[in-house]
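Understanding the architecture of this molecule
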Amino acid sequence: MPMASLSRWTMSYFAAALAFLLAAEALAIAGIGYPAAGLAEPATLVLVHLVAIGWLSLAMAGALLQFVPVLVSRPLALPGLALPALFVLIAGLILLCAGFATLAGWIEAPLDLLPLGAGFLLAGFSLLGLMLVTTLLSARPITLFARFVLTGLACLAVTALSGATFTTLLSGRGGWLGTITLLPDGLPFHALLGLGGWLGLIAIGVSYRLFVMFMMAPEPPARRVRPVLLLASLGLALAFAGLAAPFAGIEPGAVWIAAALAVLILAGVFYGRDIHALYCTRRRKTLEINMLASIPAFVALGLGVALLPVAVLAHAGDGLIAALVFLIALGWLGGLTLAQLVKIVSFVTWLETYAPRLGRGPVPRVGDLVAMPRTGWWFLLYYGGIALAAAALAIETIDGFRATMALCLIGTAGLVAELIRIRRLSQIKAVDRPPAHERPRLLAARAEERRPVHVEAGSIAHPRA
Amino acid sequence: MSKPEASPIRELDVRPMLRSGEEPFQAIMDAVDALAPGESLRLVAPFRPVPLFSVMANRGFSASDRPLDDGDWEVVFSPVAGMQADAGLATGSSPAAVFWGDPVEELDLVDLEPPEPMVRILETLESMQPGDVLFALLAREPVFLFPELAKRQHEWAGNFDASGSAYRLLVRHGGGRAHV
């Protein structure tokens with residue numbers, strides 16, 4: 001049946017993701033990681049993985065658990081794995097970061113924490129992939145949207161496997177690789193597949209479907225969307241080849257990275273054109289906060305993809321490349337995620353609270369759950385911080401970066417508070433709130449017992465008639 | 001009743017399960033799910049499984065039954081041509097929709113943003129009588145509406161129009177109401 005119900009643990013994924021984002025921002029303010037440390041130093045790796053896995057991947061996973069079933073009109077497969085997957089992923093990330101901390105000399109612990117953490121992460125992502133792939137393949141035909149997600153999940157698999165391989169090298173257990181050198185040349189490809197493939201490509205695929213809905217825009221024709229997927233897949237295949245090249249005795253250089261990037265950027269250009277068209281052809285004239293707050297994210301993406309290949313080919317310093325990757329990761333992916341979280345959390349909370357009451361009397365609108373314009377001010381602080389922090393990275397000022405990240409932290413903390421207030425229905429007048437025991441819980445949607453309406457199992461086995 | 005000609009048939013004998021006190025419903029549904037398009041299911045049971053007929057009718061199968069010599073019953077459930085594949089109804093739709101009367105309410109909800117179409121449909125249903133039919137035109141498949149319809153015992157049938165740009169939904173009031 002094309003029924004979609006509320007994903008039980010999506011809010012827990014979002015909560016964990018936001019906690020990791022706040023932690024990463026706090027560490028950046030404390031001066032841990034780049035630019036105070038080198039790009040590939042353990043301190044930076046802690047920060048990068050807190051953002052990439054803790055914040056972006058967990059938020060993406062939570063959103064996919066809710067929206068993949070909705071977008072393919074099939075119930076989520078194996079829903080019982082959602083919570084275990086979350087715990088395993090969190091444990092894996094903490095172990096991995098403890099491993100990096102050991103590598104940095106902050107704590108005394110065996111370096112085997114690194115591959116151990118990677119193993120947990122592999123297991124957690126496998127559980128997640130199992131749920132999503134089974135759900136996607138249960139709907140036939142496989143739609144273009146499903147192909148975006150499946151390709152992204154393939155990239156996640158390669159990213160996690162390559163990361164796990166790196167951890168064996170870093171922990172001194174890379175003997176099985178013989179003379180093959182994977183580090184540091186494999187790092188850009190690992191990052192490209194993770195950010196561009198798993199997080200980027202799926203964000204692109206999901207945004208096509210959700211933006212049509214959120215802005216009441218006409219669905220872009222498949223012939224326009226398909227080149228985006230094909231080009232991105234080609235770029236990601238190049239990145240995969242770059243990762244695998246050392247096994248064939250080939251050393252991929254900057255040109256290889258630039259080639260993969262160039263194809264990805266072409267995909268980004270087509271995607272940007274489509275998103276622009278969606279905004280322009282929308283039937284809903286007033287933009288809601290989630291769509292308004294997505295605009296700076298697309299500007300960050302535009303800047304990042306336009307300048308990154310130039311910076312790589314021109315052998316620009318670490319500062320400029322770091323600034324551009326920062327713009328893509330925290331400006332585009334991070335900003336887009338924060339913006340859509342406001343919509344997703346308010347929509348899901350509304351559905352959980354008011355769907356059973358519809359028809360009995362007036363109910364608030366979804367937008368009524370969000371405090372405006374206050375939420376907009378938090379976004380302004382966040383994006384202001386991102387823009388200034390990127391500039392600080394480009395000109396390599398350590399104190400400037402730390403100060404501007406404080407703006408991001410304040411903006412993020414404000415948005416977290418708003419999301420909690422949405423779950424608590426704080427904006428709704430007390431009389432319009434359901435009784436306390438029926439209100440949404442902060443971290444888990446209420447599990448519902450649903451019986452198919454036409455089916456009375458007992459009476460079939462033992463008919464009275 | 002005529003039996004389907006030359007269509008492949010799968011068999012399921014639920015007598016052993018019932019003898020051992022097991023509940024055969026899930027096994028029957030699994031067998032139905034495993035049918036290839038056009039395939040029929042021959043069910044053997046120790047009684048005439050009347051309630052199953054409507055369940056199967058909702059899934060697009062007609063039933064033809066006959067008593068066996070030993071007091072048991074044989075029922076052949078055959079897919080009704082045109083009911084599912086050809087009518088192109090979305091999964092979960094009630095095939096009985098072809099027999100529903102004319103809609104008493106018609107809603108054009110194409111220009112509304114989710115969840116507004118769901119709000120309007122459920123509000124309208126609240127003012128209708130059991131058996132009344134509502135027709136709604138939507139911009140997309142209302143996936144969050146379906147569980148709510150099911151909980152209120154309303155039946156529905158829907159599909160996209162030929163161009164794929166509008167979703168047509170029929171809902172037959174089943175007697176349920178807002179439940180909180």
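Summarised in this report is the structure supplied together with it. (Residues numbered from 1 in each chain as written. Chains lettered and ligands numbered in written order. Predicted model: local features only at pLDDT ≥ 70, side-chain atom pairs only at ≥ 80, totals over all residues. Heavy atoms only, no water.)

Some words on the overall build of chain A
The condition is simple: Secondary structure elements follow DSSP: runs of H or I of four or more residues count as helices, runs of E of two or more count as strands, with numbering from the N terminus. The atom set for the radius of gyration is the C-alpha atoms, and the globule formula is 2.2 Å times the number of residues raised to the power 0.38. Three exposure classes are used, based on accessible area relative to the maximum for each residue type with a 1.4 Å probe and protein chains only: buried under 20%, partly exposed in between, and exposed over 50%. By definition in these notes, contact holds between two residues if any of their heavy atoms fall within 4.5 Å. For every accessible area listed, the method is Shrake-Rupley and the probe measures 1.4 Å; residues are considered covered only by the protein chains on display. For this count, His and the chain ends are skipped, Lys and Arg are scored as positive, and Asp and Glu as negative. Lysine's charge is taken at NZ, arginine's at CZ, aspartate's at CG and glutamate's at CD.
In terms of helices and strands, chain A carries 14 helices and zero strands. Taken from the N to the C terminus, the helices and strands of chain A come in the order α-α-α-α-α-α-α-α-α-α-α-α-α-α. Taking 465 residues into account, the globule formula puts the C-alpha radius of gyration at 23 Å, and chain A, at 23 Å, falls close to it. Dimensions of chain A, computed from C-alpha atoms along their principal axes, come out at roughly 75 × 55 × 50 Å. In chain A, buried positions account for 54% of the 465 residues. Summarising the internal contacts of chain A: among those between residues at least 6 apart in sequence, 78% fall at separations of at least 24. Surface summary for chain A: the accessible area is close to 18700 Å², and the carbon and sulfur share equals 69%. Once the 31 positive and 20 negative side-chain charges of chain A are each reduced to a mean point, those two points are 15 Å apart.

A closer look at a nonpolar patch on the surface
Residue and element names in this part refer to chain A. Stated formally: Think of a patch as exposed residues, more than 30% relative accessible area, with no salt bridge, where like charges cluster within 9 Å and nonpolar side chains (Val, Leu, Ile, Met, Phe, Trp, Tyr) cluster within 5 Å. When a carboxyl oxygen of Asp or Glu lies within 4 Å of a side-chain nitrogen of Lys or Arg, that pair is called a salt bridge.
The grouping of Leu-292, Ile-295, Val-299, Leu-303 and Leu-307 at the surface amounts to a nonpolar patch, some 410 Å² of accessible area in total. Mapping Leu-307 onto the fold places it in helix H10 (residues 295-313). Using a relative accessible area of 42% as the deciding quantity, one classes Leu-307 as partly exposed.

Some remarks on the nonpolar core
The condition is simple: Among the buried residues, those of types Ala, Val, Leu, Ile, Met, Phe, Trp, Tyr and Cys that are joined through side-chain atoms within 4.5 Å form a nonpolar core.
Counting residues in each nonpolar core, the largest one holds 177 residues, and the members touching the most others are A:Trp55, A:Trp198, A:Phe211, A:Trp332 and B:Ile121. By residue number, the principal contributor to this core is helix H11 (residues 318-354) of chain A, which donates 21 residues. Membership of the second largest hydrophobic core comes to 20 residues, among which are B:Leu12, B:Val14, B:Met29 and B:Phe53.

A look at the sheet that holds strand E3 (residues 61-67) of chain B
All names here are of chain B. Convention followed: Only strands that DSSP links by at least two bridges are regarded as paired with each other. Whenever a helix is involved, its axis is fitted only over the stretch in contact; in every case the axis is a line through C-alpha atoms, and angles between N-to-C directions fall within 0 to 180 degrees.
Within the open sheet, the four strands sit side by side as E1-E2-E4-E3. Their pairing is mixed. The sheet terminates laterally at strand E1 (9-13) and E3, the two strands that pair on one side only. This sheet shows a mean twist of 20° between the axes of neighbouring strands, independent of strand direction. Looking at chain direction, strand E2 (residues 40-45) and strand E4 (residues 73-79) are connected through five bridges and run antiparallel. Along E4, the bridge assignment pairs Ala-45 with Trp-73.

Let's talk about the sheet that holds strand E8 (residues 167-172) of chain B
Residue and element names in this part refer to chain B. Read from one edge to the other, the open sheet built from four strands follows the order E5-E6-E8-E7, with strand pairing classed as mixed. At either end of the open sheet lies a strand with only one pairing partner, and these are strand E5 (105-108) and strand E7 (155-160). Here the average twist between neighbouring strands, direction ignored, is 15°. One ladder, built from four bridges, connects E5 with strand E6 (residues 133-138); its direction is parallel.

What to know about the pattern of salt bridges
On inspection of all chains with the given rule, the structure shows 26 salt bridges over all chains. In this structure, the salt-bridge partner of A:Asp112 is A:Arg173, at a minimum N-O distance of 2.6 Å. Residue A:Asp112 is found in the loop between helix H3 (82-104) and helix H4 (113-137), and its partner A:Arg173 is found in the loop between helix H5 (144-170) and helix H6 (187-215); the two are separated by 61 residues along the sequence. For B:Lys151, the salt bridge goes to B:Glu148, with nearest N and O atoms at 3.4 Å. Separated by three residues within a single helix, B:Lys151 and B:Glu148 lie in helix H5 (residues 145-151), roughly one turn from each other.

What about unusual backbone geometry?
Leave glycine aside and you will find that most residues have negative phi; peptide bonds, for their part, are mostly trans. Residue and element names in this part refer to chain A. At the junction of Arg-140 and Pro-141, the peptide bond is cis and its omega measures out at -5° in the coordinates. Considering the arrangement of structural elements, one finds Pro-141 in the loop between H4 and H5. In this chain, Met-372 is followed by Pro-373 through a cis amide linkage whose omega measures 0°. Turning to its location among the elements, Pro-373 is positioned in the loop between H11 and helix H12 (374-394). Positive phi, normally seen in glycine, also occurs at Met-216, with a value near 55°. Checked against the element boundaries, Met-216 lands in the loop between H6 and helix H7 (222-244). A positive phi angle, near 55°, is found at Glu-396, a position not held by glycine. A residue is classified by how much of its surface remains accessible, and Glu-396, at 48% relative accessible area, is partly exposed.

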